[in-house]
Amino acid sequence: MVPPRRSGRALVVWGVAVLAYVAAVLGRSSLAATGVTAAERFDVSSGVLSLLAVVQLAVYAALQVPAGVLVDRVGPRRVIAGGAVLVAVGQVVLALAAPFWLAVVGRMLVGAGDAVTFVSVLRLIPAWFPARRVPVYNQLAGILGQLGQVISAIPLAALVVGTGWAPAYLAAGGTSVLVAVLVLVVVRDGPAGPAPPAPAVAGGLGAALREPGVRLAFWCHLAAPFPGNVFGLLWGFPFLTGGEGVASGTARGLLALYVGAGIVVGPLFGVLAGRRPQRRVRLIVVSVLAQATAWIVVLAWPGPAPMAVLVGLVVVIGGGGPASLVAFDLARAAVPPARLGRASGIVNVGGFVSTIAVVLCVGLALDLQGAGTPDAYDLTAFRVAMLVQVPVWIVALVGIARSARSAAPKVPQSAADGKRGSRFSRSAV
């Protein structure tokens with residue numbers, strides 16, 4: 001079935017699916033601005049607190065490929081609605097948890113619901129929009145979904161302070177329930193209703209894993225989003241307040257600016273990826289190098305960095321999410337439509353493997369320096385801890401370089417690339 005031209009119905013379906021992703025990101029990032037409160041509530045150290053984020057992200061990463069297979073088989077509508085229900089249950093469990101182990105269970109449920117949502121949204125978009133517009137709507141879905149971080153950084157954090165932990169997280173869970181109902185009412189798998197079963201494609205998951213373009217997309221996704229994820233999910237707020245000495249209100253504003261930067265940059269990345277597919281990998285690598293440079297400047301600054309430098313850091317890492325979304329265009333160009341969910345799941349594992357590694361290592365590095373409680377955070381401890389990002393960048397860039405050499409002559413262009421040729425050229429890197 002050939003997708004229709006953009007229509008009002010397509011935009012409504014897309015908008016509700018994106019709303020579900022907003023709710024998933026709210027669940028994912030709810031510890032970002034409430035991490036200090038969580039440490040006090042559960043009476044745990046930095047390393048133990050990071051376990052909440054690590055377990056959640058581990059579940060997310062582990063379920064990416066199964067989620068891709070599931071959405072290929074049953075369609076995105078039911079998977080998106082089911083994901084919203086899982087997020088809701090996880091938020092309620094976290095709201096009512098007294099022992100720490102129960103909070104871990106809640107975060108695992110949130111991670112499971114979050115895991116199935118974005119790959120389902122990516123699977124939905126090509127059914128509703130012309131291929132040449134898919135990169136733009138992928139970008140818009142990804143960056144608008146990050147509004148969930150704004151909600152967690154400002155309204156949710158304010159609710160925690162004003163009404164308490166349990167009422168705030170119960171409200172977040174109730175929101176996800178409403179979103180699930182809305183998805184079931186509005187979203188359809190395609191303009192003609194439920195999508196027919198996907199035709200059998202030889203090789204399935206194994207074939208997707210063997211595609212050089214999918215491996216290249218995996219490494220690109222591993223490299224680009226983790227600095228922003230680590231900043232937005234857990235360690236940005238403590239770094240700004242405990243390390244750089246920024247006031248709490250200003251720190252929340254910087255977290256919101258991080259999301260806003262992605263919203264501004266994302267459409268530009270989408271347009272560039274659609275018009276210049278041969279430059280997609282280069283676009284991602286430039287973003288990765290810019291993020292590494294910005295972090296090194298902040299960490300090397302003598303004393304607390306000026307506000308202008310911190311703003312620059314936040315804006316640059318805000319572009320990492322949109323850059324990582326370009327990786328899905330690489331994967332889409334490498335596989336037939338029946339394997340798109342699987343390929344997207346494989347790619348999405350990359351950024352969350354790197355995120356898990358860095359979130360955990362930052363917490364452990366703080367603990368090893370004696371900064372195991374919120375009141376012990378200081379700039380020196382954070383400078384050492386944040387350097388754990390460097391080896392991850394190096395490994396990822398090496399992976400991109402190696403994969404690009406094998407992918408360049410072998411990966412076919414998708415229909416979205418239209419008249420630009422039948423294969424990637426080596427100029428892609």
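Thresholds, definitions, all that
Residues numbered from 1 in each chain as written. Predicted model: local features only at pLDDT ≥ 70, side-chain atom pairs only at ≥ 80, totals over all residues. Heavy atoms only, no water. Helix = DSSP H or I, 4+ residues; strand = E, 2+ residues; numbered from the N terminus. Buried < 20%, exposed > 50% of the residue type's maximum accessible area, 1.4 Å probe, protein only. Contact = heavy atoms within 4.5 Å. Areas by Shrake-Rupley, 256 points an atom, 1.4 Å probe, with all protein chains shown as cover. Core = buried A, V, L, I, M, F, W, Y, C linked by side-chain atoms within 4.5 Å. Phe/Tyr/Trp six-rings, centres within 6.5 Å; stacked < 30°, edge-to-face > 60°. Expected span 1.5 Å × (residues − 1). Patch = residues over 30% accessible without salt bridge, like charges linked within 9 Å, V, L, I, M, F, W, Y side chains within 5 Å. Salt bridge = Lys/Arg side-chain N within 4 Å of Asp/Glu carboxyl O. Axes fitted to C-alpha atoms, helices over the stretch in contact; angles between N-to-C directions. Parallel < 35°, antiparallel > 145°, perpendicular 65-115°, else oblique. Left-handed = near helix turned anticlockwise from the far one by under 90°.

(A) Spatial organisation of the overall build of the protein chain. Tallying secondary structure elements over the protein chain gives 18 helices and zero strands in all. For the protein chain, buried positions account for 58% of its 429 residues. For the protein chain, long-range pairs separated by at least 24 residues make up 84% of all intrachain contacts whose partners lie at least 6 apart in sequence. Accessible surface, the protein chain as shown: approximately 15,600 Å² in total, 70% of it carbon and sulfur.

(B) Layout of the side chain of Gln291. If you trace the backbone, Gln291 turns up in helix H13 (residues 280-300). On the accessibility criterion, Gln291 (0% relative accessible area) is buried. If sequence neighbours within four positions are ignored, Gln291 has contacts with Ala224, Pro227, Gly228, Val316, Ile317, Gly320 and Trp393.

(C) Broad picture of the nonpolar core. Counting 102 residues, the largest nonpolar core has Trp235, Phe239 and Trp295 as the members making the most contacts within it. With 11 residues, helix H16 (residues 340-368) is the single largest residue contributor to this core. Filtering out sequence-adjacent residues up to four positions away, Trp295 remains in contact with Pro227, Phe231, Phe239, Leu313, Ile317, Met386, Gln389 and Trp393. One finds Ala20, Val22, Ala81 and Ala180 within the second-largest nonpolar core, a separate group that totals 25 residues.

(D) Looking closely at the packing of aromatic side chains. This structure, assessed with the given rule, holds 11 aromatic pairs. Where Phe239 meets Trp295, the ring centres are 5.3 Å apart and the plane angle is 65 degrees; that geometry is what we call edge-to-face. One end of the pair, Phe239, is in helix H11 (residues 226-243); the other, Trp295, is in helix H13, with 56 residues separating them in the sequence. When the centroid spacing of 5.6 Å and the interplanar angle of 85 degrees are considered together, the rings of Phe239 and Phe382 count as edge-to-face. Here Phe239 is found in helix H11, whereas its partner Phe382 is found in helix H17 (residues 379-386), with 143 residues between them in sequence. These aromatic residues form a ring-pair network of at least three members: Phe231, Phe239, Tyr258, Trp295 and Phe382.

(E) Spatial organisation of helix H1 (residues 8-29). Look at H1: 31 Å from first C-alpha to last across 22 residues, which is about the 32 Å you get at 1.5 Å a residue. Summarising burial for H1: 16 of the 22 residues are buried, a large majority.

(F) Examining a nonpolar patch on the surface more closely. A grouping of Val92, Leu96 and Leu170 is seen on the molecular surface, where their side chains present a nonpolar patch of about 240 Å² in accessible area. Inspection of the secondary structure puts Leu170 in helix H8 (residues 165-186). Residue class for Leu170 comes out partly exposed when judged on its relative accessible area of 36%.

(G) Quick look at the packing of H11 against helix H12 (residues 248-275). Packing of H11 against H12 leaves a shortest axis separation of 9 Å and a crossing angle of 160 degrees. Overall, the two elements H11 and H12 adopt an arrangement that is roughly antiparallel. Relative to H12, H11 is oriented so that their crossing is right-handed. Taken together, the residues of H12 that come into contact with H11 (itself represented by Gly228, Asn229, Phe231, Gly232, Phe237, Leu240 and Thr241) are Ser248, Ala251, Arg252, Leu254, Leu255 and Tyr258.

(H) Geometry of the pattern of salt bridges. Under the criterion given, the structure shown has two salt bridges. Residues Asp114 and Arg28 are paired through a salt bridge, measuring 2.5 Å at the closest nitrogen-oxygen approach. With Asp114 in helix H5 (residues 100-128) and Arg28 in helix H1, this residue pair connects regions lying 86 residues apart in the sequence. In this pair, the class of Asp114 matches that of Arg28, namely buried. Ionic pairing is found between Asp72 and Arg123, a salt bridge with its closest N-O pair at 2.6 Å.

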